[in-house]
Each structure stands twice: as structure tokens, then as C-alpha cells.
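If you want the building blocks of each chain, they are given just below.
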Amino acid sequence: MSLPQATSASGATGFPTKPKLKATSKATTQTPESKHLSSFKTRAITPNPFPSSIPCISFSPSSPHPFAAAHSASFSLFQSLTLTPSHTVPLSDVVSSLSFRLDGALLAASDLTGTIRVIDVKSRTPLRRLASHSRPVRFVKYPAVADKLHLVSGGDDGLVKYWDVAGESVVREFRGHKDYVRSGDCSPVDAECFVTGSYDHVVRLWDVRSGGRDSVMEVNHGKPVEDVVYLPSGSLIATAGGNTVKVWDLISGGRMVCEMESHNKTVTSLCVGRVGKPGRGDAGEEGMEYRILSVGLDGYLKVFDYSRLKVTYSLRLPAALLSVGVSADGQVLAIGTSNGNIFAGKRKTKDPEGSDTTGSGEVGIFDFGELPQARPKVLRPGSYRYFHRGQSEKPAEEEHVIAKPKKVKLAEHDKLLKKFRHKEALVSAIRAGDPEKVVAVMEELIARKKLLKCVSNVDEEEELEVLLKFLHKNTTVPRHAGLLMGLARKVVDAKAEEISTSEALKVQVRNLKRAVEEEVRIQEELLEIQGMISPLLRIAGRR
Amino acid sequence: MIRGGRSHVSAPPAFSNDGKKLLVCTGNDVSIFSTSTGLLVSALEGHVALVTSVVVEPAQSPGSKVLCYCWTAALDGTIRYWDFALPELMKTVDIKFPIFSMVIPSLFSQHVGSNNSRPDLFAYISIENMNEESHPKALHGQVRKCNLTKSSLAGLVMKETKRPPYMCMSPAGDFCSIINKRKLHIWKISEVDGPGIAPIKIDFHHTRDLTVCAFHHTQKIVAAGDISGRILIWRGFGSREFSKGVGKRSINDEGERPGVRGEDDADSCTTWHWHSTAVNVLSFSSDGAYLYSGGAEGVLVVWQLDTGKKKFLPRIGSPLLYFVDSPDPLLASVSCADNQIHFLKLPHMEILKSISGIKLPAALPKPYDSLYQSCAFDSNKGLLALRTENYAVQIYSLFDDREVGQIQICERNHQSGDEITVFLTKIAISWDGSLLSTVEVRLPEEDLGGLVCLKLWKSDSPSNQFKLSTVIYEPHREYQISALAFRPTKSMVCTTSDGGDFKTWVQNDCKSKEEKVPDSGWICLAVGSYKKKPMTAAAFSADGSILAVAAATVITLWDPDNNVLISVLGDSHVSIKALSFVGHSGLLSVSGGSKPQLDVWSLTEFSRLWSYSLQVEGIACSDDPSTFAVLALLPKNGDNFDEAAFQWRDGVILVFTGTSHVPTATWSVRKAERGAISFLRAKPEEHILDGRRSKFLVAFVNGDHEYVLFDPFGDGTDEHGVKRLMDSSVEEKESFGYTSIYGNLKELEPQDSKSAGTGVVPTGKDWSSIFSWPSHDPPPLTKVCSEFLESLLERRQAVTGS
């Protein structure tokens, strides 16, 4: 039972004009995650694209996570804070793969002649040259944990080699793949284990300690494997081949966990990244979750939540994508395309300290844990904040809250409508720019039977121009066409004299005319299509 | 038989002396409402015609404030004296002329010499004397004096007017006045009153018809409003005429009397003009500093009397009719034309509470008149949904005779003066009362921007408030919706349009997704049409298996689930207005227009059983499968019946049982035009008529939204057999301290009071988990002990407000 009080209270309030409700689909609502990912604002960071495609992007594991991108016979190092190229290092042949050592001090680059060069990142001087592959080397990888001395490489000769970097010698050679080895990844938990994927559809798990010729485990992807990555647990791997990405469980003997088929063309690259907002202190790790990021020749970046088996975000870029990388802290995303562009995005951070280290290139100076925590200050009487204390206090659950009456916020046009200044309200709504609101104001004026009066009152040339510009832009929008087409006709009829004397207005009317002609053409085409389809539908309906 | 839905605003109300009760003239009764709760407390019943005025006897001393005596006058020609605390009739004075207005000035004037023998009490009344020969110029209205103590009418006629005027009296009881077209007559009531003593009269003249007047509490100031919205204030009136007897003589000098017309007896006259239409409300504040005025704009204006500065209480939502001061200086009441009385907190001009009567019918613009539908019934709960003027739907409880809630359909304010451009046309309530569907129409301005909008509302069960679920713009392109019907068993709505199609709408229950959204919207399920004929009416059968849609002159029957045409019935000459199913195999159709007709069809034989040529206003079918009722208008030009024999009743309710064409019961009613009827399921325990329990009642709502509930097969003698529920238990309590500032605290009842009786329930951990540890490695005793004890304790739930 409701007391009649409630109704009387509503009787004494004003109602602001509201636009018509729009049908919204549940699917388009942004999840926090997609909001987070779209906040990266991915854009092309290379002012003039590189002459060739970007086959590989590699992030340094050490903060501030600079990244390297291979292009043609050289590679470039990029600052992750500013997303600008800092240095370009030329090599002798086309670079196929790059890998940072786990401390970020060294970088290994493989090229199509079959040699691997190890380069000091800071001085960019080549330190070692590893040459043993007889055919182009397609991947090179430093182990992700504990081992700074070795690296793994694979090539078109179908061999996988385990190198001792310092001695420039092959420690072990793994034979087993029957086709080009195109990808591989080292285990994030074990320095001795790594996987390689080959065009013979097979992904093999190798263990350096086994010493044997044969792989420890093999899984068949079913398509030529383009990329393979370890997931952070070290027990799962993700493989990309054809237009599918598959996740395999290594612990349970190579069982397929899930399969994602969300690209329509070949998936070219995979990486694992963390998304979510890093929280404060210890909660930072929990606030972020791991996702598989995949890019394909169809130009899509897909973010796949493998725990919920769901694509959580999808981004379309205007080129075929070849490589993808995410910095270890989840702040920077970089994508390389086939036409030499690099798209990169950075999450907005509010840390002012971040800018201090730009360009310094030093490693590991971030250490938030050491910063002294600001203690809550005891407020003293006399300060400004003392008199505002407790205003943002939240009530406890059982406390009785005395609600403040909600204040109705009125827009400029609402205030003018309340004063019955109809023309000013219409002009101010048009100037504010939201067509939905303009139409709402027009509907309110129709309800007051004042719209045409308003139109005839619009006498200043500048206001009339604004009105005509609005009509030009929105007359053919289907949502508003029913009202605005009739209005446009009346405006042109009523204001013919003013229009004929002013050049600016003539331009607007010409634009309006063009928009209407365009719409007429579209409608005619649609009618043609309808004419074609309706007999088909009729035939289909008969069956 | 329950009557209700009477107007609360036929006459100005009156406050009791303590300001805690409001006496409102409601039809033949005076209803007493509590001012703090706004609920009905009791009623004074006795008059047999409309009560026109109520005067509360003022308290002469602070001690007598608790006394509750009042005088009432009614059109039945009697003045009655009541003790309204009990309530009890104490005295009846029979005047034999219908009384339109009454004031009793001597109650208010101070008796200086308090001698034991009280002088006779005189009332000034405005009556209607229809005696033809004595009044050749057809001046029916008379102002006369009446001795209430001796119950006699004084012979003297103080003034004759064409129509009985409304009497106005100064707060101190020394003047009374009437308005007669462009003149204002004021009488001075002499201290010593007698039957033969004619009071001195002065007149004020104006160039327009006056509408209302008011007296200042202490000074000699009178204010009057006219039909053009002007307020005239005469100061120092009657200084010449009324002081003649004393011997003083004021100087008649034109220069010193600014604004005063001709020979009118006042010192000065000022005019204020803010209102754009006639001023209906004028009242001086009790301290004399302010003047309240109001009119059809629905805005209460407060004028500062000395400066003429204004303050406003806008958007009351309806034309104002009366403003009544209470003895409590903080409280006043405003009566509105939409049958609402608002209590105002004066310095803030804030509406505290409202007494909401049934809303008056809202007319539609002329071309849309065929879409008229005044109300919809919820037969299970006995609720009525009414369209109102200010774009809302009022839910009114027929059994309790009071408003249950109001739903604002369009977010618009009432604006008087403007033409109506937005209005509701159709309402429908689903059979379980949880869904409401409304249609609103916005008129185009020169073919620009017209809109039909279908809205679907859903009630959340605990608070019975409807919430907007779905808005559908232009459901049938630009065509109007001609009918709206809910399916009884499922949540499905059918809308028919003049554009030749009907649509069925269902709730979109999102089967594809795993999580079901409880408050999902509505989508169109099917569209149907029959030979492009305009669809005019729709009805679902009681089990929901058949949908009948009237396509102009024929009835089409559809399967609503599969949208398949089952059959086509009949062919009449005029278009069908309404459809209803009777029982399992009958169908009722009503045609309007020049040849009104009522047809009953058999669905088993697909043929017409019988038909009457009747102009039918409403049809209703009961759940009891074979009974239906028809509200028909009597033919106006019929020569074969005498209108007086029907006592100006213009309609009949015919109750039919089974397929017989002979009505089993017939009732004649007044104001049947634009009325509506429905069957209501009687509440089992409260509404026992004549000792036997009737299964259902017929509710008839007439054209003025007065209603009556009755047993169609009873004898109608049980007029007062069922009393309204008096909320006498809801007696107001004075609030002190914290409560008066912040309102009542929430009741913080421990939730576990029930379980206290059954003993302690261990709500903590399961014992099996407490004691499960490896036998070789028991945890420390302190830990186990605390866990064990904790498991014995009840977990106290967090208290959440309801």
C-alpha cells in the first residue's frame, strides 16, 4: 500500500525533456575488460611505415619493458613509455625473430641466412654470432627463467638447436620435425624445457636433460603450426595454426583443453598478456588475469579468456597482422602488420613517476614497494579540510540514512523551455550538438504547438544557418527522418526569402539538397533489392 | 451495496478546532479525514442530498478546543448540528429550500458581555426558491437569515439573485458578502442580532464578472478576483456607510480615493494581475500579511500584501478550487479540481499530504473521441485504473474507496490553457494485476511529429508499484491503436489498429542466454490482418486459447500461439466496438454507430444466437462461466416511456445468465453515458451481503466516476449493508524530538525472534568439519574450543530494511 504522499511529491516537480528511448542490445554493453582494453587506444606509432612486414615483436622482460620489432634486414628498439623508436640496428639479412634475455640486457636476432646474432641492448654492439643452421632460422628464444647462458633456435632445415651462447657452440641438436620449424617457446617455470611448432602440424616438447633424440611429448595441431606459446602456469601451451588456436594440457599427456576458432584467416602470432587494473600493493597480482592474444591475417586482434572459454575483446586493424606482443606488466600492447606498420597502445597510468625515466634506458628502477606510505593525517581545526571532514563518509549498513531530495539537473534548453523562451531553447539545443536532444526539444515544442512558430521566429542568419546545418546532417537519419523531413520542407518553405539573399544559407540548402538526393538514391536502390528479394521470399514461403 | 468515488471538492472543507481533522463534504455525507495521515477517520451520515457547506463551531476559549461541533447544510433543505467526535447528530433544522451556501457569523464574533443566556444563533443562507409566481424575473437565488436556535426562517429576503450565490464571511464574523455578477455585496452583521434587523449593505462595482472574494482577518480589507485573472483589493471599505449609525461622517473626496469606482465605499482600490484565467481562490493569511490566490493554472500565488511581491507554489497539477486556513497557523488545505485535497505546510509552501479522491474523467479531443476509454478493472483485487488529466493513471481501490497509487505515464506537467496535445487513450490491466499497458497519443502540429506510443508496465509485487518495462513507439506505424487486450493465462498483449492489422506482443524471455533476465522487455510475436480491414476490437477467451479480433464488421478468430486464422464469424452492417467471451462457447459483440446492436454468438455452431438493438456502453463477463452484464443506454427519443418514471435514469444494467436472451436481473442507473461495468470477485471475509456470501459483485462506474458495487441478484435494499473500513485505528500521534525532525526510525527487529522458541540452532560450522583432524596431529585445544563454541552460537543476520 502506498500512501498518496508519493504522488503529490511527484506532482510538484518539473520534468526535463528526454530523448526517445533507444533500443539497446545486451551484447554491446562494455564489460570492464573490454573497456580496459579499448582504453589502450591502439594507433600506428610509425610515422612512415617500414618498407617490409613486421614478422616479430619482442618485449624486454625487464622494466620499463622496451620492445624490439624486426623489419627487413634490421630491427628497431622502441621506448614503451613514449612508444617512439629509439634506435634502429641494421643486420646482414632479413631478420626473422628476436628474443630478449631474461634480464633484458642481451637480444638475440635470427636472420634468413641461418645465423643468430647476440647483441648488447644498451650499446647495440654485436657480441656473438651463432652460425650452424643451414637454412633460414625462423625462431630464436632465450629461456624465460634462471638461464642466461643458453638459447634455443629452430629453422627451415627442420632442426632445433640448443646453444651455448658464450661459446658460440651447439650444445644439443633435436631432430624430429619433418618440416620447417617456425615457432617455439621456452617454459616459464623450467629452464630446460621448451616446445617447438612445425609445419608438419606437430608441436613437440623437448627436454634438454633427456639427451635423447626423440621429443618428450608431441601433440598434433592438425594444421601447419604458426606459433606456440607457453601459458604462465607452465603446464598449458597454446598453439596457432590455420584459423584455430588450441590450448593443450601438457601435464595430462597432451590433452586438448579447448579450441578457439574466432579468426577467419590464418592466425599468425600468439602472446600471453595480463589484463585488468593493477590494484594497490599485494592485490595488484590478483586484479590482473592472463589472456591469450592472437592476431591473424584477417586483421583482427582477439583476446581470449581461456578459463571461461570466451573471446572477451576484439579489435579490427586495417591490415593483415603478423606479430603481437604485450609487456610483462600489461601496460603496452604492440602489433606488427604485413605492410610495415606497427600499432601500439599504452594504458593510461596516473603515476607521475613514470615520466621521469623516459629515455634513460636503465633497467629496474621501479620499486613501488619501497616508497613510504602516506599515513592518514590527523586534521587540525582551522584548516579548510577540517571543516569538510566526514562529508564523503559512507553509512554503515544498519545506520539510518536521511536521504537528500534529489536535485533535478536542467540543461540550458530545459531552463529556457521552463521560461517559455521556445526559440532560444531550440537554438541552444542545436548548438549543444546532440541530435537526440534536439529532436526531444522539437517534440516538446510540438506538444506545445510552438515548433512552427519557433521556426518562423528564427530570423538571424547565423541561427538559421545552424538550423539548416542540423537539418542537413540529420534529416536522413532514419531515427529522426519522420519528423525532420517534414520540418526541413517547412523551414525551406518559410525561409525562402532569407535563403535567397544569403550566400551562406544557400550553401547549406545546397548541402541539404545533396543529402536528400543521396537518400532518394539509396531508397531507390533498396526498393530494387526488395523487388529482387520478395519473389525469392515468396517462393521460400511456399515450401 | 457499496457506493464510492464521490467528489471531495464539491464544497470547501473545514478544519476542526485542533487542526487535526478535516471535514470534507463528500456527496450526502461529511467525511472526516485526519490531517496527519490523510486517511478517513469517520463520516457524518444523515443528509439525503448533496452537502454544500460545513461550519465548525469555533472554540471560544483554549480549553474548549477539544469540542467538536459543527453545522452542515445540504440541498435537502436541512441544517444539521453534529458532534463529529462521536459522531452524533444533535439537531436538525428544516428550511425546506435547498441550501447552497451557509455562514454563521455570530459563532465567530466575540461575545463581550458573557451573560448566561446566549443570544439566538443566526445563519445566513443562500437558498434556491423555485416558487414561480413570487419571482417573475426568475430570480431563484435568495439570501436569507435563519434562526438556528428557534429553527425558523426569518421572513426577510436580503438579496435576490438569478442563481443561489456563494456566501463569504469575514474571519471575525462581522461581515458577510456575496458576489452577484459584477457586484460585490457586503453586509455588516450587527452585534445584537435579531430576526427583523436588516444588516446594512454596501456594494462594490467592477467591470468584469467577479468570481471570489475574501476578507482580511483584522483590517477592513476585502479582496475579490474576477474572470480575467485580476485581483482587486479594497482597503478601508465601509468607512462611510457602516459608521453612519455612530454619527461620524467621512469626507467624500474623489482625490483621496485612488482606484475606487464611483460611489463605492472604500478608501482605496488596488488591482493585481498575474493570473491568466479566472481567480478561483483568494484567502488572507491569518497574520494578515499575505494573500493567497490561485486559479486554473494550478499555481498557488502568495502575495505580500504591502508590497505586492509574489511567491509561487507551481505545478500542483490541477486547477485550484478552495483554500482553507486551519487554526494551526502552519497548516492549510488546497482543494483541486482533480478531486484532491493537499495539506500545505505554510511557510515552506510544501505539500505534506494529499487526500486523493477518484479522478474525474478526462475528455479527449474531438477527432479522437472514438478511442475513449475511461478506465480498466482489475477484477480480482477490486482495483480500477483511471486515466487522469495530468498524464497519469490512478489506481483506485473500489472496496476501500481510496487511491492506491498513481503512475505517471508521460513525464509532462499539467498546463492549463493550452490545448491538449498529449493524452492517454487506452489502458489495460492483465488478469493477475501484475501488468499494465497504456497507449498515449501525441498530436501532430501541422502533420509534423505525431506519435502513438505503447507502454508496458510491470508491478513489483511487494509495493504494488508499477515500473516501466517497455516502450514501443508507433506500434502500428502512424495508425491509432483501437483496442488493447491482455491474454489471461500468459503474458501476452494484443493491439489492434485502424491500419488493418493487429499485433501480439510477448515478453522476451531470452531463452538463448543461460542467465535469464527477470525484467526483460517485450517483443512483437506476430502480426495478422484480415483483408486489410481496420481492426476495431480484440478479446481473448478465458483460457487464452482463442483470440477474437473484430475486423470492422466481421469477427475473426485466431490461435494466438501460432497466429493462424481459425474462423470468421458473421457480417453486420456497422463496425464492431467491443468483444467479449462468455463462458466456454459464447462470444459477445457490440456494434456502435447509427445502428447499435448487441449480438451473442455461439462458438460451437459459429452462428448468431440472438441479438438486441441496444446502445451498449459496456459489457462485462464473470468468471462464473455463464453470466454476463451489459450496460445499455436508454433511447433518448423514445416516446413510449416517461423520463420521470425512470427518475432521470438514463441507463440500464442487464444481467444475462446462460444463453437465454431474457435478462435475469435489470437495474436502472443514472449517468450511464461513458460509464463502465465489470464483475468483481468479492472479498471472501469482508463483503458478505445480507448474510449470504455472493460470489461476485457488479461494479458500475458512471460518467462522473462515481461508482457502486452491488450484488446483481440482491434486492438492493442493503444500501448501507457494507461499511467502508474506517481507519480510526490510525489515530494521529504528536511526534516529539527526534521523530519530529527526522521521521520515524526503522524498526530494527532481530530477525531470529522466531527461532528463539524452538531453541538454539547451530548455524556455524558443521561439527564434522570441526572435529576432523588427523588423529596423530590434533590442533591446540584453544583453537578447537573457540570453534566449537562458535558453532553453538546463533549467527545473527544483518538487519536489512524492508
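Scoring rules and cut-offs
Residues numbered from 1 in each chain as written. Chains lettered and ligands numbered in written order. Predicted model: local features only at pLDDT ≥ 70, side-chain atom pairs only at ≥ 80, totals over all residues. Heavy atoms only, no water. pLDDT = per-residue confidence, 0-100. Contact = heavy atoms within 4.5 Å. Phe/Tyr/Trp six-rings, centres within 6.5 Å; stacked < 30°, edge-to-face > 60°. Helix = DSSP H or I, 4+ residues; strand = E, 2+ residues; numbered from the N terminus. Buried < 20%, exposed > 50% of the residue type's maximum accessible area, 1.4 Å probe, protein only. Lys NZ or Arg CZ within 6 Å of the ring centre and 35° of its normal. Pairing = 2+ DSSP bridges.

## Description of the confidence of the model for chain B
In low-pLDDT segments, the atomic positions of the prediction should not be examined closely.
Residues and elements named next belong to chain B.
So, step 1. Per-residue confidence for chain B averages 79 on the pLDDT scale, and 82% of its residues sit at or above 70.
So, step 2. Below a pLDDT of 50 lies the segment residues 718-735, which in the model reaches 34 contacts outside its immediate sequence neighbourhood of four places, other chains included.
So, step 3. Predicted as a complex, the structure gets a pTM of 0.69 and an ipTM equal to 0.78.

## Considering the packing of aromatic side chains
So, step 1. Here the structure, examined in full by the defined rule, presents 26 aromatic pairs over all chains.
So, step 2. For the ring pair Trp610(B) and Phe656(B), a centre distance of 5.2 Å and an interplane angle of 40° mean the geometry is tilted. Taken together, the residues span a long stretch of sequence, with Trp610(B) in strand 50 (residues 607-612) and Phe656(B) in strand 53 (residues 651-657) at a distance of 46 residues.
So, step 3. Seen from their ring centres, Trp667(B) and Phe710(B) are 4.5 Å apart, and the 45° between their planes marks the pair as tilted. Of this pair, Trp667(B) sits in strand 54 (residues 665-669) while Phe710(B) sits in strand 57 (residues 707-710), and the two are 43 residues apart along the sequence. Exposure class is identical for Trp667(B) and Phe710(B). Each is buried.
So, step 4. Among the aromatic side chains, those forming a connected cluster through ring pairs are Tyr162(A), Phe174(A), Phe194(A) and Trp206(A).
So, step 5. Of note, Lys20(A) hangs over the ring of Tyr473(B), and the distance from its end group to the ring centre comes to 5.2 Å.
So, step 6. Between the NZ or CZ atom of Lys145(B) and the centre of the ring of Phe122(B), over which it lies, the distance is 5.1 Å.

## What to know about the pairing of strand 3 (residues 21-26) of chain B
All names here are of chain B.
So, step 1. Among the six residues that make up strand 3, six are buried, leaving the element largely enclosed by the rest of the structure.
So, step 2. By the alternation rule, side chains of strand 3 split into Lys21, Leu23 and Cys25 and Leu22, Val24 and Thr26, which are all buried.
So, step 3. Here strand 2 (residues 14-15) runs beside strand 3; their pairing, made up of two bridges, is antiparallel. Paired with Phe15 across the strands is Leu22, a residue of strand 3.
So, step 4. Between strand 2 and strand 3, which pair antiparallel and follow one another directly, the connecting turn spans five residues, one of which, Gly19, has a positive phi of 75°.

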